[in-house]
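Residue-level structure breakdown
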Amino acid sequence: MGIKTLSHSIAAAIKEANPEQTHSVEVMAYSLTIILNTMFIIAVSLVIGALTGNFIATLLAIISLLIIRFVSGGPHINSVWGCNIVSILICTVVPHIPMFLPLLVVNIVSLVIMLVFSPQPDKNAKMPTGLYPYLKILSVILVFFNFFIQSDVIGLIFLIQAIIIIPWRKEGRA
């Protein structure tokens, strides 16, 4: 059973249990799909992290990616499984990557990209544009904290997210 099917089944059961005080099955299934996908990514990543002896670093990667992605946005992969695989790969591979540049350079590059391109909110979120300056400030502050924390894992996660938010294609072009 896929996550979408499971989400729909749970939403239908919730609707049946309380038809008057619940949203439509479609709305609840959509929300449940997001929640279940996130739980799946976290669980699989943590299992891989534990098996490879990098549980704490993997947990740090997950938390860092969740937070910076939430405030800086970025494009989404259309496929649920594609999103799951890419997210799991990022969270489980980063703790194993040796730092290829000085952390100072990684932090500066991430900071500049966040200053220029964040936020890139999901179009489906319908977020008020008045929040964009605050999201930019939060993105920059998060990256700035790594100048003090000095974490290679956080630095690489922030760099990956910074690269992800760069609009590589112009709207309307394929």
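Look up: the structure comes first, before these words.
Read on for an overview of the structure. (Residues numbered from 1 in each chain as written. Predicted model: local features only at pLDDT ≥ 70, side-chain atom pairs only at ≥ 80, totals over all residues. Heavy atoms only, no water.)

Turning our eyes to something else, we now look at the overall build of the protein chain. From N to C terminus, the protein chain includes seven helices and zero strands. Burial statistics for the protein chain: of 174 residues in total, 36% are counted as buried. In the protein chain, the share of contacts with a sequence separation of at least 24, taken over all contacts with a separation of at least 6, comes to 74%. Accessible area of the protein chain: about 10700 Å², with a carbon and sulfur share of 72%. Averaged over its 9 positive side-chain charges, the protein chain has a centre that lies 14 Å from the centre of its 6 negative ones. (Helix = DSSP H or I, 4+ residues; strand = E, 2+ residues; numbered from the N terminus. Buried < 20%, exposed > 50% of the residue type's maximum accessible area, 1.4 Å probe, protein only. Contact = heavy atoms within 4.5 Å. Areas by Shrake-Rupley, 256 points an atom, 1.4 Å probe, with all protein chains shown as cover. Lys, Arg positive; Asp, Glu negative; His and termini not counted. Charge placed at Lys NZ, Arg CZ, Asp CG, Glu CD.)

Moving on, we come to the side chain of S87. Relative to the helices and strands, S87 is located in helix 4 (residues 80-93). In this structure S87 comes out as buried when scored by relative accessible area, which is 16%.

A few words now on helix 1 (residues 3-17). With 15 residues, helix 1 should reach 21 Å at 1.5 Å per residue; the first-to-last C-alpha distance of 21 Å fits that figure. Those residues of helix 1 lying buried are I3, S7 and A11. Viewed along the axis of helix 1, the buried residues span an arc of 65°, placing them on a single side of the element. Along helix 1, exposed side chains directed more than 90 degrees from the buried face belong to E16 and A17. For helix 1, the elements touching its buried residues are helix 2 (25-51) and helix 4. (Expected span 1.5 Å × (residues − 1). Arc of directions from axis to C-beta.)

Counting 24 residues, the largest nonpolar core has I68, V94, M114, V143, V153, I157 and F158 as the members making the most contacts within it. Those elements that provide at least two residues to this core are helix 3 (55-72), helix 4, helix 5 (103-117), helix 6 (132-149) and helix 7 (152-165). Per element, the largest residue contribution to this core is seven residues, and it comes from helix 7. Setting aside anything within four residues of it in sequence, one finds V143 in contact with I68, N107, S110, L111, M114 and F158. (Core = buried A, V, L, I, M, F, W, Y, C linked by side-chain atoms within 4.5 Å.)

Another aspect to go through is helix 7. Here helix 7 spans 20 Å end to end across 14 residues, near enough to the 20 Å set by a 1.5 Å rise per residue. Within helix 7, 10 of the 14 residues are buried, which leaves it mostly tucked inside the rest of the structure. Turning to helix 7, its buried residues are V153, I154, G155, L156, I157, F158, L159, Q161, A162 and I165. Those residues of helix 7 that are buried lie in contact with helix 3, helix 4, helix 5 and helix 6. In this structure S151 caps helix 7, since a side-chain oxygen of it lies 3.3 Å from the backbone nitrogen of V153. (Polar contact = N/O pair within 3.5 Å; in protein donor to acceptor, adjacent residues only side chain to side chain.)

Turning our attention to the environment of S64. Relative to the helices and strands, S64 resides in helix 3. On the basis of relative accessibility, which here comes to 6%, the residue S64 falls in the buried class. As a C-alpha pair, S64 and F158 span 94 residues in sequence and 7.5 Å in three-dimensional space. Apart from residues lying up to four places away in sequence, S64 is in contact with I154, I157 and F158. A distance of 2.7 Å separates the side chain of S64 from the backbone oxygen of L60, its partner in a polar contact.

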